Amino acid sequence: MQREQEGLQLLGKNTEYKSDYAPEVLESFENKHQGNDYWVQFNCPEFTSLCPITGQPDFAEIKISYVPDVRMVESKSLKLYMFSFRNHGDFHEDCVNIIMKDLIKLMEPKYIEVTGIFTPRGGISIYPYANYGKPGTKYEQLAEHRFMNHGL
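Rules behind the numbers
- Residues numbered from 1 in each chain as written.
- Predicted model: local features only at pLDDT ≥ 70, side-chain atom pairs only at ≥ 80, totals over all residues.
- Heavy atoms only, no water.
- Helix = DSSP H or I, 4+ residues; strand = E, 2+ residues; numbered from the N terminus.
- Rg over C-alpha atoms; globule rule 2.2 N^0.38 Å.
- Buried < 20%, exposed > 50% of the residue type's maximum accessible area, 1.4 Å probe, protein only.
- Contact = heavy atoms within 4.5 Å.
- Areas by Shrake-Rupley, 256 points an atom, 1.4 Å probe, with all protein chains shown as cover.
- Lys, Arg positive; Asp, Glu negative; His and termini not counted.
- Charge placed at Lys NZ, Arg CZ, Asp CG, Glu CD.
- UniProt positions renumbered as here; feature names shortened; annotations may be inferred.
- Polar contact = N/O pair within 3.5 Å; in protein donor to acceptor, adjacent residues only side chain to side chain.

**Examining the overall build of the protein chain**
Here comes step 1: The secondary structure content of the protein chain amounts to three helices and six strands.
Here comes step 2: Ordering the α and β elements of the protein chain from the N terminus gives β-β-β-β-α-α-β-β-α.
Here comes step 3: The globule rule puts the C-alpha radius of gyration for 152 residues at 15 Å, and the 16 Å found for the protein chain is close to it.
Here comes step 4: Overall, the protein chain is about 45 × 40 × 20 Å in size when its C-alpha atoms are taken along their principal axes.
Here comes step 5: Counting over 152 residues, the protein chain shows a buried share of 41%.
Here comes step 6: Here the contacts in the protein chain between residues at least 6 apart in sequence split such that 66% fall between residues at least 24 apart.
Here comes step 7: Of the roughly 8,900 Å² of accessible surface on the protein chain, 51% is carried by carbon and sulfur atoms.
Here comes step 8: Here the protein chain holds 16 positive side-chain charges and 21 negative ones, and the gap between their average locations is 4 Å.

Spelled out as structure tokens, the structure:
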């Protein structure tokens, strides 16, 4: 168990919540099943951020699915990272793309997709979707296929 926690700073410690966007809280650990392709899915049903124009809160369910390679995201650090958006002002599409890019930088997954299911404001719901597949691999083709067929 100790070896699995090596390098992790947040797991099992008192929680400090950041007051604004904090990608530095993200932590990763080694994937013990690198020879297998498998999905890891996170559902964050209580995501909040702020409208960059009005400062009013936006609420969403954020869904993250990825196929890990060598590194995986540690779930407590992901929770703290997602909480760090609560006082951060960005448009819905920006939040989804920022989350995806930060996770790519952290883990270099084979494949990842992030979907935001934002509650309506002014009578309109926005559901941004972003994905990525590792270039030059079958996961790049998977990303293209899933993107082209998204919402069908």
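**Considering the UniProt feature "active site" (unreviewed entry) in the protein chain**
Here comes step 1: The feature "active site" (unreviewed entry), as given by UniProt, occupies Cys51 and Asp58 in the numbering adopted here.
Here comes step 2: Within the secondary structure, Cys51 is located in the loop between strand E2 (40-50) and strand E3 (57-67).
Here comes step 3: Once residues within four sequence positions are removed from consideration, Cys51 is found in contact with Gln56, Asp58 and Arg121.
Here comes step 4: Among the structural elements, Asp58 can be located in strand E3.
Here comes step 5: Aside from chain neighbours lying at most four places away, what touches Asp58 is Phe47, Thr48, Ser49, Leu50, Cys51, His92, Phe118 and Arg121.
Here comes step 6: One polar contact links the side chain of Asp58 to the main-chain amide nitrogen of Cys51, over a distance of 3.5 Å.

**Observations concerning the UniProt feature "binding site: substrate" (unreviewed entry) in the protein chain**
Here comes step 1: In the numbering used here, UniProt assigns the feature "binding site: substrate" (unreviewed entry) to Val73, Glu74, Ser75, His92 and Glu93. For the residues just named, distributed over 21 residues, the greatest C-alpha separation reaches 24.1 Å, placing them at more than one site.
Here comes step 2: Mapped onto the elements of the fold, Ser75 is located in helix H1 (residues 75-83).
Here comes step 3: The residues contacting Glu93, other than those within four sequence positions of it, are Ile126 and Pro128.

**Observations concerning the side chain of Ser84**
Here comes step 1: Examined against the element boundaries, Ser84 turns out to sit in the loop between H1 and helix H2 (92-107).
Here comes step 2: Apart from the residues lying within four places of it in its own chain, the contact partners of Ser84 are Lys18, Asp20, Tyr21 and Ala22.

**Some remarks on the side chain of Lys110**
Here comes step 1: In this structure, Lys110 sits in the loop between H2 and strand E5 (111-118).
Here comes step 2: For Lys110, the side chain forms a polar contact with the side chain of Asp37, separated by 2.8 Å.
Here comes step 3: Apart from residues lying up to four places away in sequence, Lys110 is in contact with Gln34, Asn36, Asp37, Val67, Pro68, Asp69, Tyr132, Gly133, Lys134 and Tyr139.

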